[in-house]
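# Working through the structure, step by step
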Amino acid sequence: MEDQMVISLVVASIVIFLTLLAFWLKKKATESNTILLVGLTDSGKTLIFSKLINGRAVATYTSMKENEYPSYEVANGSRKVKLVDVPGADRLRQRLQSHWLGKEGATVKGIVCVVDSATFSKRAKDVAEFLYDVLYESKRVPLLVACNKQDQSIAKSAEAIKTTLEKEFGLINKTRSSALASTDGD
C-alpha cells in the first residue's frame, strides 16, 4: 500500500514538473522581442534599418522581401531585439497583416511606422489608411510614427503630419462606419 502511495506521488510530481516545463517553454517561445519597421514604399525604412545595423547609410532599393536582423542590441546593451524591415509595396504588404500582425503577433514588441515627410502631402490618404489598418490589427502593441526625410526643404513638420493624420482617421472612421451601416440589410 505504501509503495503505491509513493509511486502515485512520484507520478504526480513528474506530471506537475512536465506541465510547468511546457508552460515555461511556450512562454519563452512566444516572448515578444520583434520590432517592425513598416510604411509605404520609398519612405526610408531600409535606410533606417541599415543605419541601425551597420552604423552608416548604404544605397538602398525597393525591398522585395523582408530584411531581418535577429539580434540588434538596444542602446544600453541590456537586451537584444529582432529588427524586421517590412516591404512597403502593396502586393508585399499582405504578409505584414497575415504573418507579423496575425500568426506572429505575440512576438511583436513594437512597430515603427516610417512616413516620408517630403511626399506626405501627395500620399497623406494612403499613409493614413495604411497606418489605420496597422493600428487596428496590432491592438495593444506600442507604435511610433517616425517622420523621415525632415532635412528636405519640402518636408512637412511632424505636427502638420500629426494633424493631417488625425483628420484622415476621422474620415476613414466615418467612411467605414457608413459602409457597414449600408450593409445592414434593412
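Here the structure is a predicted model, which is why all the values come from computation and not from measurement. (Residues numbered from 1 in each chain as written. Predicted model: local features only at pLDDT ≥ 70, side-chain atom pairs only at ≥ 80, totals over all residues. Heavy atoms only, no water.)

Now for the overall build of the chain. Secondary structure assignment for the chain yields five helices and five strands. Moving toward the C terminus, one meets the helices and strands of the chain in the order α-β-α-β-β-α-β-α-β-α. Buried residues in the chain amount to 31% of all 186 residues. Expressed as a percentage of contacts within the chain between residues at least 6 apart in sequence, the contacts between residues at least 24 apart total 68%. Accessible surface for the chain amounts to roughly 12400 Å². Of this, 58% is attributable to carbon and sulfur atoms. (Helix = DSSP H or I, 4+ residues; strand = E, 2+ residues; numbered from the N terminus. Buried < 20%, exposed > 50% of the residue type's maximum accessible area, 1.4 Å probe, protein only. Contact = heavy atoms within 4.5 Å. Areas by Shrake-Rupley, 256 points an atom, 1.4 Å probe, with all protein chains shown as cover.)

A few words now on the packing of helix α3 (residues 94-103) against helix α4 (residues 120-138). Two elements in contact, α3 and α4, have axes whose closest approach is 10 Å; the angle formed by their N-to-C orientations is 30°. Relative to α4, α3 is oriented roughly parallel. The interaxial crossing formed by α3 with α4 has right-handed handedness. Two secondary-structure elements touch here, α3 through L96, Q97 and L101 and α4 through F130, D133, V134, E137 and S138. Grouping the amino acids of the contact of α3 with α4 by side-chain chemistry returns four nonpolar, two polar and two charged. (Axes fitted to C-alpha atoms, helices over the stretch in contact; angles between N-to-C directions. Parallel < 35°, antiparallel > 145°, perpendicular 65-115°, else oblique. Left-handed = near helix turned anticlockwise from the far one by under 90°. Nonpolar A, V, L, I, M, F, W, Y, C, P; charged D, E, K, R; others polar.)

Taken in spatial order, the five strands line up as β2-β3-β1-β4-β5 in an open sheet, and their pairing is mixed. Of all strands in the sheet, those bounded by a partner on one side alone are β2 (67-73) and β5 (143-148). If you compare each strand with its neighbour and ignore which way they point, the axes differ by 20° on average. Relative to strand β3 (residues 80-85), strand β1 (residues 34-38) is paired through four bridges, and the arrangement is parallel. Across the sheet, residue I35 finds its bridge partner in β3, namely L83. Packed onto the sheet, α3 meets β1, β2, β3 and β4 (108-116) and runs at close to 160° relative to β1. Those strands touched by α4 are β1, β4 and β5, and its axis lies near 170° from that of β4. (Pairing = 2+ DSSP bridges.)

What follows covers helix α2 (residues 45-54). Where α2 is concerned, the buried positions are K45, T46, F49 and S50. Buried residues of α2 fall within an arc of 130° about the axis and therefore sit on the same side. On its buried side, α2 packs onto β1, β2, β3 and β4. G55 sits one or two positions beyond α2 and adopts a positive phi of about 80°. (Arc of directions from axis to C-beta.)

Turning next to the pattern of salt bridges. It is possible for side chains bearing opposite charge to pair when their charged atoms get close. According to the stated counting rule, one finds five salt bridges in the structure shown. With a shortest N-O distance of 3.0 Å, E66 and R95 are connected by a salt bridge. Of the two residues, E66 is situated in the loop between α2 and β2 and R95 in helix α3; the sequence distance between them amounts to 29 residues. With a relative accessible area of 38%, R95 lands in the partly exposed category. Residue K125 is joined to E129 by a salt bridge in which the shortest nitrogen-to-oxygen separation is 3.8 Å. Taken together, the residues K125 and E129, both in helix α4 and four residues apart, mark about one turn of the helix. (Salt bridge = Lys/Arg side-chain N within 4 Å of Asp/Glu carboxyl O.)

Before going further, it helps to spend a moment on the state of the cysteines. Enumeration over the complete set of coordinates arrives at zero disulfides. In this structure C113 is a free cysteine whose sulfur lies 9.3 Å from that of C147, the closest cysteine sulfur available. Exposure remark for C113: the relative accessible area of 2% places this residue in the buried category. (Disulfide = S-S within 2.5 Å.)

Core analysis: the biggest nonpolar cluster contains 25 residues, and L36, V38, L96 and I111 have the highest contact counts within it. Here this core takes eight residues from α4, the largest share from any one element. Aside from chain neighbours lying at most four places away, what touches V38 is K45, V86, L96, I111, V112, C113, V114 and F130. In terms of nonpolar packing, the next biggest core, distinct from the first, is built from eight residues, I35, V81, L83 and A146 among them. (Core = buried A, V, L, I, M, F, W, Y, C linked by side-chain atoms within 4.5 Å.)

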